[in-house]
Amino acid sequence: MTEAKQPSITVRASSWAGLFDCAYRWEGIHILGMRNTVGLRAALGTSVHHGTAVFDQSRLDNAGLKPDDAAGAFIDKLHDPDNEFDPSKDDLTMKNAEIIGLSLTTKYCMDWSPKYDFVAVEMPTKPLDIDCGNGVVVQLTGTMDRARVSKTSLGVGITDIKTGASAIQKGEANTKGHAAQVGTYELLYEHSTGDSITDPAEIIGLSTRGKPEIATGSIKNGKQIMVGTEDQPGLIEFASYMFRTGNFYPNPRSLLCSEKYCPRWNSCIFKGD
Ligand code: SF4
């Protein structure tokens, strides 16, 4: 009988997508433990996620919470965030953050959430081991942060909520760069439940800049991007190579390549000027 290999590295599933954005930044944060403070705009996003998740969980549990309760949960989180933020990092005042967040949270609860038949909200997942070769095993753990599982006539699919200044572009949710995340969640859902994902993933974008706006966009091949095809390797194979060799590639074209979002900025020689 062969013994199960112990994981060499444990990472939160929700961080996995960042590996394919700038792997060098990801290594700085998740392996070397580098941290940077975020601005109020990031705290606004986290708080809107919290308010909407409280509401959707209540729908699942038949707990009867109203949009007003979700708005209250949003305000509580904004004023008592899990992580400290630096108000000087953004051009946003607390008053404006409240106005934007209250409007988005309420709009989501009243107009968008009722369109979905959710079967799970921020679902915990069973650890998934990825054997990278050379004795390196990466274990994905944690919950599907910010995502829901929803049911339609096509079966179950991932519905991922994204907030941000560019969450909506040309009237549709911006899906660019989100396929790795939803693909990871699709794999984890199937691994955790034994059920297949058969519905395309959907991004619900909540725009935190300009007028509060919500729109959707779909991602059809997230899982395939992760596992590849018969002829082409998927992102898991590229990731395995990075973990096996320790070569984490920089990406100075990442949207997060800035002093504000990257804790490796000061020491990174790849960012250019
Ligand atoms: S500064 Fe840019 S290239 Fe360097 S690690 Fe950060 S995001 Fe990547």
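These notes cover the structure that comes with them. (Residues numbered from 1 in each chain as written. Predicted model: local features only at pLDDT ≥ 70, side-chain atom pairs only at ≥ 80, totals over all residues. Heavy atoms only, no water.)

**As for the site of the ligand**
Keep this limit in mind: We call a residue near a given molecule or strand whenever any one of its heavy atoms falls within 4 Å of it. Polarity classes work like this: nonpolar for Ala, Val, Leu, Ile, Met, Phe, Trp, Tyr, Cys and Pro, charged for Asp, Glu, Lys and Arg, and polar for all others, with Gly in that last group.
If you check the shell around the ligand, you find Cys-22, Tyr-24, Arg-25, Asn-251, Pro-252, Cys-257, Cys-262, Trp-265, Cys-268 and Lys-271 and nothing else. Tallied by class, residues from the shell around the ligand come to 7 nonpolar, 1 polar and 2 charged.

**A few points about the pairing of strand 3 (residues 128-133)**
Heads up, the condition is: Any two strands between which DSSP finds at least two bridges are classified as paired. By the criteria applied, helices consist of DSSP H or I runs no shorter than four residues and strands consist of E runs no shorter than two, each listed in order from the N terminus.
With 5 bridges connecting them, strand 3 and strand 4 (residues 136-141) associate as antiparallel partners. For Asp-131, the partnering residue across the bridge sits in strand 4 and is Val-137. Counting the residues that bridge the hairpin from strand 3 to strand 4 gives 2 residues, and of these Asn-134 lies at a positive phi of roughly 55 degrees.

**Let's talk about the sheet that holds strand 5 (residues 147-152)**
Heads up, the condition is: Fitting a line to C-alpha atoms yields each axis, with helices limited to the stretch in contact; the angle taken between N-to-C directions then spans 0 to 180 degrees. Two residues qualify as a contact provided that any one of their heavy atoms is within 4.5 Å of a heavy atom in the partner residue.
The 5 strands are arranged 2-5-6-9-10 in an open sheet whose pairing can be described as mixed. If you trace the sheet from one side to the other, it starts and ends with strand 2 (118-121) and strand 10 (213-219), each paired once. Averaged over all neighbouring strand pairs, the angle between strand axes comes to 25 degrees, with direction disregarded. Summarising the sheet, strand 6 (residues 155-164) and strand 9 (residues 201-207) pair through 6 bridges and their orientation is parallel. Paired with Ile-161 across the bridge in strand 9 is Ile-204. Sheet strands touched by helix 5 (residues 94-112): strand 2, strand 5, strand 6, strand 9 and strand 10. Its angle to strand 10, the strand with the most contacts, is close to 60 degrees. Each of strand 5, strand 6, strand 9 and strand 10 touches helix 6 (residues 179-193); the most contacted strand, strand 6, lies at about 145 degrees to it.

**Quick notes on the sheet that holds strand 1 (residues 9-12)**
The strands that make up a sheet pair up through hydrogen bonds in the backbone, lying either parallel or antiparallel. If you trace the 3 strands from one edge of the open sheet to the other, you get 1-4-3, paired in mixed fashion. Strands with a single pairing partner mark the edges of an open sheet, and in this sheet they are strand 1 and strand 3. When the angles between neighbouring strand axes are averaged without regard to direction, this sheet yields 25 degrees.

**So, the pattern of salt bridges**
Quick note on the threshold: Salt-bridge detection follows one rule: a side-chain nitrogen of Lys or Arg within 4 Å of a carboxyl oxygen of Asp or Glu. Per-residue accessibility, obtained with a 1.4 Å probe over protein chains only, is compared with the maximum for each type, and a residue is labelled buried under 20%, exposed over 50%, and partly exposed between these values.
Inspection of the entire model under this criterion finds 8 salt bridges. With a closest N to O distance of 3.3 Å, Arg-12 and Asp-145 form a salt bridge. One end of the pair, Arg-12, is in strand 1; the other, Asp-145, is in the loop between strand 4 and strand 5, with 133 residues separating them in the sequence. On the basis of relative accessible area, Arg-12 is assigned to the partly exposed category, the value being 40%. In this structure Asp-145 comes out as partly exposed when scored by relative accessible area, which is 26%. One salt bridge connects Asp-56 with Arg-148, and the closest N-O pair in it is separated by 2.8 Å. Of this pair, Asp-56 sits in helix 3 (residues 40-61) while Arg-148 is found in strand 5, placing the two residues 92 residues apart along the sequence. Pair check on accessibility: Asp-56 and Arg-148 agree, each one buried. It is possible to trace a salt-bridge network through shared partners that takes in Arg-41, Asp-91 and Arg-209.

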